[in-house]
Each structure stands twice: as structure tokens, then as C-alpha cells.
Amino acid sequence: MFFKIWFRNKKSSEAKILSWKFGDKAATIDGENISATFSFGTDITKLKADVKISPKATIDPDPSTPTNYTNPVNFTVTPEDGGTRNKYIVSVKIAKNNEAKILEFGFMKQYNSKLSKDIKANINGDKIKIDLSAEKINLRKLKAQFKLSKNAKLKIADKLQTSNQSENNFISDLTYTVVAEDGTEKKYTITVNTIIEESYDVKNDGATMPIWVEGKTDKRTVLIFVHGGPGGNAHVTNYTKKFSKALEDNNLVCYWDQRGTIMSKGGDDPSKLTIAKNVEDLETVVDSINKFYPNYKIFLLGESWGGMLVPSYLIKGYNQKNISGWIQVVGAHNIPLSRKLSVEMIERIGNEEIKNNNEVLWWKKKITEVKGIDLSKVDDKARIKKLYDAGGDCEKV
């Protein structure tokens, strides 16, 4: 006797998505939600997926065909037995941009009326430089045009910047912060150079004293010219440019007419024409330079009488912290020492001339003459005039 036995396999009722990949990027499966995140700039409008589902189940629509995932896409998995279907939602996101760059920077004539043309900056890493020397423009009120990484923002401190609208003072270096879409930050230093020609007055205790500031901003240095006298002036020095032109080629030079001098007004009360009052005036000048040219290095150049005024300023209080250096030009900060050195110089040069058999008798007479001057009597005008005359004679010879 023979029997026929048929085995009929039961069809599967499983309808699951087991894995989902976009190329090498595996998506996350959380119940019926499937998600993936791509880097900023990825085109998600034509993505193909490699999907594994339950054996003999089917999925619709076909994820292996190019699909636009700009919005969530619904997929349905049908089991082999045609029973309960499972629905999945696939969401694809683009990560926020982490790039924080200034791509372009400059000043446009349309938004800065004093410019003769559009000016573009040179961007080198996190340093941005612009030379406006040919424009001789006021740097204190400029509107910058800039282009940033997509979706980034630009700020100075906590103040948000708008291209061609935000007005800033570029007389000193500015620090810009680029904030990327994802919060990443990068700082840039903006340096704008130009040629300065400006003037203003400083006031102190009845005196109105003019200041002229001229030169180049490149080195972020101001040289304050403290003129001689008392009773000299800086105005003529500025006008003639006899020695200051070379200084202006590399720095800003501040020319200040002291109280009671040629271009100053008021403040000529004899009781106020004192070293102490002049020191106060110089303090006012230094404060004004720090205000108008923040973060610039300040050097004091004392000439003749200015060479006495500058050290008087430096030894008062904490004034030294306000400046970076002191330059002495034929200064008179130590008159007894200056006279002693003058005698030594005449004697040294005279002996060299005698050794070379040049004007021997004249030099011997002059050396004897200056060595006989009693330098301890610093107020003896006749003796001091004799020393100065001797020095002048030596220069002529």
C-alpha cells in the first residue's frame, strides 16, 4: 500500500524593515521611524537606498529608485501571506553648516560716499587687510560689505553685523566673530590702513591747545612731538616738515602747541606757566590720543625744553603705563650733566684735531677756555653763555 504526503509551507506574516542604508551611511531604525542625517550641502533629492526586509515580503515604493527625501517619505512593507502590513516613515535631515568663514570683505562706494571706488580686502587666513591710503578717508564711520559661509552670522562683540549697513570705527584693528549655523565660531582681525590728516583741540585749565595728527596708521603708533622752548611751537615743525616727514612715512605724528605758544588760546596766565601745569596738559594730550586712537602705541619725542617736560611727565604717578617709549632729541632733562658732557666732547674732539695738527693753537685755547668754566654754578648765565658760544665755535671750525 502506498501513501502520498504533501507538505504545504505556511506563508510568512512578517513584514519588517531589517536594515536601511544610503550608500555607506546606515540609517537608524526606531520602530516605524527611520532616520538619517547627511552633512551640509548633500543633495537629498535623488537618493537610492539599499534595504533589507523580511524574507519574501515586498516594499512599496521601491527605495532603490532615486527618491526625493526633502520631506519624510512613507513606505509600506507587505508580508508574504498578504496579511498585516507595516508602514514606515523615512526622514532624512541635513546637518547644520559648521563652516564659519568670511569669504569676501570690502568697502563699497555706494555705501561709503567718501570713497572714490569699491575697495576689496586681501584675506589671509584669519587676517584681513585693506589699504585706503589713496583715499585718505575717515576710518571712524565706514560700512563694510561681506560675504559669509551659508547661514552664518557676523558680529563684533555681541553686536550683530549687517553687510553694507553696520557702521564701525576702523581706526584701530577690529575683531569680527563669524558664527556658523551650528554655533561654531571663528575670529578674524580686520586691519584698515590709511593716511591721516586731522586736527582737534584739547583743553585744560583755561588753555585751548591745538593738535594736528598726520601720517600713516600702518604701524598703529603715535609719536607725540613735545616741542622746545618754553615758548616754541609744533605748528611750524608740522608746516615745514623739516625732519618730521620721514617720521610720518611710518607713523602718526601728533603736533601739539603747548599753552601760551603760537596757536594756543588762553592759559597764558604767568602763574600757570609752570612745569607742573605743562605736565597736566601733556596728560590731557596723551588721554586724547588714547581716546581717538585706541590700542595704538604712544611714544613721546621731547625736543630741547620738551626733553625736560617729558621726564617730568614720566615720573608723575602712573603715567609711564600710558606710553611705550620716550625719544630724547637735544633734551634738557639733566642740564648739569648735559653741560659736563659738552665740555668733555669739546675736549675730546679738540685733542683729536691737535693730534692731526689741525688748528692746534685755536683748539688748545678753546679746551683751556671750557675747562675753566665752573659748572657748579648752574644759574651763572655769563659762564653758561661762554660754554654755549664755545660749542658753537667748535661746530663752525
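The following refers to the structure shown.

Calculation notes
- Residues numbered from 1 in each chain as written.
- Predicted model: local features only at pLDDT ≥ 70, side-chain atom pairs only at ≥ 80, totals over all residues.
- Heavy atoms only, no water.
- Salt bridge = Lys/Arg side-chain N within 4 Å of Asp/Glu carboxyl O.
- Helix = DSSP H or I, 4+ residues; strand = E, 2+ residues; numbered from the N terminus.
- Axes fitted to C-alpha atoms, helices over the stretch in contact; angles between N-to-C directions.
- Parallel < 35°, antiparallel > 145°, perpendicular 65-115°, else oblique.
- Left-handed = near helix turned anticlockwise from the far one by under 90°.
- Contact = heavy atoms within 4.5 Å.
- Pairing = 2+ DSSP bridges.
- Buried < 20%, exposed > 50% of the residue type's maximum accessible area, 1.4 Å probe, protein only.
- Polar contact = N/O pair within 3.5 Å; in protein donor to acceptor, adjacent residues only side chain to side chain.
- Expected span 1.5 Å × (residues − 1).
- Nonpolar A, V, L, I, M, F, W, Y, C, P; charged D, E, K, R; others polar.
- Phe/Tyr/Trp six-rings, centres within 6.5 Å; stacked < 30°, edge-to-face > 60°.
- Lys NZ or Arg CZ within 6 Å of the ring centre and 35° of its normal.

Comments concerning the pattern of salt bridges
Under the counting rule described, the total for this entry stands at 13 salt bridges. For Arg 259, the salt bridge is made with Asp 281, and the minimal N-O distance between the two is 2.6 Å. With Arg 259 in the loop between strand E22 (252–256) and helix H3 (275–292) and Asp 281 in helix H3, the pair connects residues that are 22 residues apart, well separated along the chain.

Points about the packing of helix H5 (residues 335–355) against helix H6 (residues 360–371)
Between H5 and H6, the least distance of the axes is 9 Å, while the angle of their chain directions is 160°. Classified by the interaxial angle, the pair formed by H5 and H6 is roughly antiparallel. Note on packing geometry: the crossing formed by H5 with H6 is left-handed. From H5, Val 343, Ile 346, Glu 347, Ile 349, Gly 350, Asn 351, Glu 353 and Ile 354 reach across to H6, where they touch Val 360, Trp 363, Lys 364, Lys 366, Ile 367, Val 370 and Lys 371.

Here we look at the sheet that holds strand E14 (residues 153–156)
Across the sheet, which stays open at both edges, the six strands sit in the order E11-E12-E18-E17-E14-E15 with mixed pairing between neighbours. Looking at which strands have only one partner, the edges of the open sheet turn out to be strand E11 (122–124) and strand E15 (159–160). Here strand E12 (residues 127–131) runs beside strand E18 (residues 185–193); their pairing, made up of five bridges, is parallel. Bridge assignment links Asp 131 to a residue of E18, and that residue is Asn 193.

Here we look at the sheet that holds strand E21 (residues 221–226)
Strands sit in the order E19-E20-E22-E21-E23-E24 across an open sheet of six strands; the sheet is mixed. Whereas interior strands pair on both sides, the edge strands pair on one side only; in this sheet they are strand E19 (195–204) and strand E24 (325–329). Between one strand axis and the next, the sheet turns by 20° as a mean value, whatever way the strands run. Across five bridges, E21 lies against E22 in parallel orientation. Counterpart to Val 226 in the pairing with E22 is Trp 256.

Some points on the environment of Ser 54
Residue placement: Ser 54 occurs in the loop between strand E5 (50–53) and strand E6 (58–60). Given the relative accessible area of 2%, Ser 54 is considered buried. Considering only alpha carbons, one finds Ser 54 and Ala 15, 39 residues apart in sequence, at a separation of 5.6 Å. Beyond its immediate chain neighbours, meaning those up to four positions away, Ser 54 contacts Glu 14, Ala 15, Lys 16 and Leu 18. For Ser 54, the side chain forms a polar contact with the side chain of Glu 14, separated by 3.0 Å.

Focus on H3
The first and last C-alpha atoms of H3 sit 26 Å apart over 18 residues, in line with the 26 Å expected at 1.5 Å per residue. Residues of H3 that are buried: Lys 277, Asn 278, Val 279, Asp 281, Leu 282, Glu 283, Val 285, Val 286, Ser 288 and Ile 289. Where H3 is buried, its residues meet E19, strand E20 (207–216), E21, E22, strand E23 (297–303) and helix H4 (306–314).

Remarks on the side chain of Thr 67
In this fold, Thr 67 is placed in the loop between E6 and strand E7 (73–78). Taking the relative accessible area as the measure of exposure, Thr 67 reaches 15% and is therefore buried. Looking at Thr 67, its side chain comes within polar contact range of the main-chain oxygen of Thr 65, at 2.9 Å. Beyond its immediate stretch of four places on either side in the chain, Thr 67 contacts Ile 44, Thr 45, Lys 46, Leu 47, Asp 62 and Val 73.

Re the packing of H3 against H4
One way to put it is that H3 packs onto H4 with a least axis distance of 9 Å and a crossing angle of 75°. On the basis of the axis angle, H3 is roughly perpendicular to H4. Residues Ile 275, Asn 278, Val 279, Leu 282, Glu 283 and Val 286 of H3 pack against Met 308, Leu 309, Ser 312 and Tyr 313 of H4. Residues belonging to the contact of H3 with H4 are distributed by class as follows: seven nonpolar, two polar and one charged.

Remarks on the pairing of E18
Within a regular strand, side chains alternate between the sheet's two faces. Note: strand E17 (residues 174–179) against E18, six bridges, orientation antiparallel. By the bridge assignment, Val 179 is partnered in E18 with Glu 185. Here E17 folds back onto E18 in antiparallel fashion, the turn holding five residues, of which Gly 183 has a positive phi close to 100°.

Things to note about the packing of aromatic side chains
For the structure shown, the criterion picks out 11 aromatic pairs. When the centroid spacing of 6.0 Å and the interplanar angle of 80° are considered together, the rings of Phe 105 and Phe 107 count as edge-to-face. Here Phe 105 and Phe 107 have matching classes, each one buried. One aromatic cluster in this structure is built from Trp 20, Phe 22, Phe 38, Tyr 69 and Phe 75. Between the NZ or CZ atom of Lys 25 and the centre of the ring of Phe 38, over which it lies, the distance is 5.5 Å. A cation over an aromatic ring shows up here: Arg 140 above the ring of Tyr 293, its NZ or CZ 5.1 Å from the ring centre.

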